[in-house]
Amino acid sequence: MRDISLVRILPVEPRVPFISARLVAGVISIIAVIISMTLFITKGLNYGLDFTGGVVTTVDFGVEPPADVQNFVQTRFEGSQVQNISQPAGSLIDHDYLRISLPLQIEEGGSDDASADGEAERQAQTDAQQVAQAALFEALEGQYDNLKLISTETVSGKVSGELRRKGLIAVVLALGLVLAYIWFRFEWQFGLGAVAALLHDVILTLGVFELFQIEFNLAIIAAILTIVGYSLNDTVIVYDRIRENLRKYKKMPLAEVINISINDTLSRTILTSMTTLLALTALYVLGGPGLEGFSFAMIWGVIVGTYSSIFVASPLLLVLKLKRGSRIDAPKDDVAKTV
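Residues numbered from 1 in each chain as written. Predicted model: local features only at pLDDT ≥ 70, side-chain atom pairs only at ≥ 80, totals over all residues. Heavy atoms only, no water.

Draft legend 1. A look at the side chain of aspartate 201. When you line up the elements, aspartate 201 lands in helix α6 (residues 188–212). Once you skip the residues sitting within four places of it in the chain, aspartate 201 turns out to touch Ile227, Ser231, Val304, Gly305 and Ser308. (Helix = DSSP H or I, 4+ residues; strand = E, 2+ residues; numbered from the N terminus. Contact = heavy atoms within 4.5 Å.)

Draft legend 2. Structural view of a nonpolar patch on the surface. A cluster of nonpolar side chains, namely Val27, Ile31 and Ile35, defines an oily patch on the protein surface of about 260 Å² accessible area. Mapped onto the secondary structure, isoleucine 31 falls in helix α1 (residues 22–42). On the basis of relative accessible area, isoleucine 31 is assigned to the partly exposed category, the value being 47%. (Patch = residues over 30% accessible without salt bridge, like charges linked within 9 Å, V, L, I, M, F, W, Y side chains within 5 Å. Areas by Shrake-Rupley, 256 points an atom, 1.4 Å probe, with all protein chains shown as cover. Salt bridge = Lys/Arg side-chain N within 4 Å of Asp/Glu carboxyl O. Buried < 20%, exposed > 50% of the residue type's maximum accessible area, 1.4 Å probe, protein only.)

Draft legend 3. Here's a closer look at the sheet that holds strand β4 (residues 97–103). Overall, antiparallel pairing links the four strands, which are arranged β3-β4-β2-β5 in an open sheet. A single partner strand is all that each edge strand has here, and the edge strands are β3 (81–85) and β5 (148–155). Taking each pair of neighbouring strands and ignoring which way they run, the sheet shows an average axis angle of 20°. Pairing analysis gives seven bridges linking strand β2 (residues 54–60) to β5, with the strands arranged antiparallel. When the bridges of β5 are listed, threonine 57 appears paired with threonine 152. Here helix α3 (residues 69–76) sits on the sheet and contacts β3 and β4; the angle it forms with β3, its principal contact strand, is near 150°. (Pairing = 2+ DSSP bridges. Axes fitted to C-alpha atoms, helices over the stretch in contact; angles between N-to-C directions.)

Draft legend 4. Representation of the packing of aromatic side chains. Counted under the stated rule, the structure contains eight aromatic pairs. Ring geometry for phenylalanine 18 and phenylalanine 311: centres 5.7 Å apart, planes at 70°, overall edge-to-face. On the criterion of sequence distance, the pair formed by phenylalanine 18 in the segment before α1 and phenylalanine 311 in helix α10 (residues 289–319) is long-range, its members being 293 residues apart. (Phe/Tyr/Trp six-rings, centres within 6.5 Å; stacked < 30°, edge-to-face > 60°.)

Draft legend 5. Local environment of α3. Inspection of α3 places Val69, Phe72 and Val73 among the buried residues, and these make up the whole buried set. Buried residues of α3, viewed axially, fall in a sector of 90°; they line one side. Of the residues in α3, the exposed ones pointing more than 90 degrees away from the buried face are Asn71 and Thr75. (Arc of directions from axis to C-beta.)

Here it is, written out as structure tokens:
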């Protein structure tokens, strides 16, 4: 039977000069990070309901949503957003639902007293969202026939603030634990290199969301944490090979050892990234609007994470002046002899 596997077309011992391109890659990365941070200041993220608070109502018209419904809603409810929700593949329903997001409503008679009871304030905000949702449904019922309410989601201002704070803590904590683990597992140069690469990935992921103003919600936080794990896995594999080759090639220049190590893991990196991207692309195309943001973030994160493990994490070992002869490149036998 004819062998059609992808591995067959990959070179057995690739020798791509990645390290020679480190300066160009470094300039590209720095420019991309600066652009992302500038976008964060000038445009900011398009925070979703999870982080801003408000109410989301999904309705069914029994047929495709009327063409004028977006204008009807947005002229009556300031700040509202209207989005068609396609049905998943294989569904028996042959038309879209409509999802309408209303921004956080300020409760009537709300107190500005900072000492006001938190639970009472949260309940008042929830009541305000429900009043807005009821007004919306009533307006739609008066304008369109056969309207059916599918679901409603309400997030108060306090809850959205807590979610934003906890999301930030989760990302910072993940990066801190990565730094501690890599430092313990390898050397401090490896730890800083890995965290710098992860920060690079997170900032560029936020940058693409700022650029295209894609909704940033809790699912995207989950995607970022997954990207951190994926990118770290790639980086650790390259680092592990660098450590092995430092023991193997004791007199070879560090830059050359790093380049050989990247090439040694290249086929694994390509195959893993390609198979992951194929699965994520299928999720993006067939997963429906609810998974578009998550799958887009993951696709972008896999591409950036693969790039950073080769062009950011590994060359940084040269910048951080990884010392030859440290405990990582001393074979156990040699260590035993010196004791």
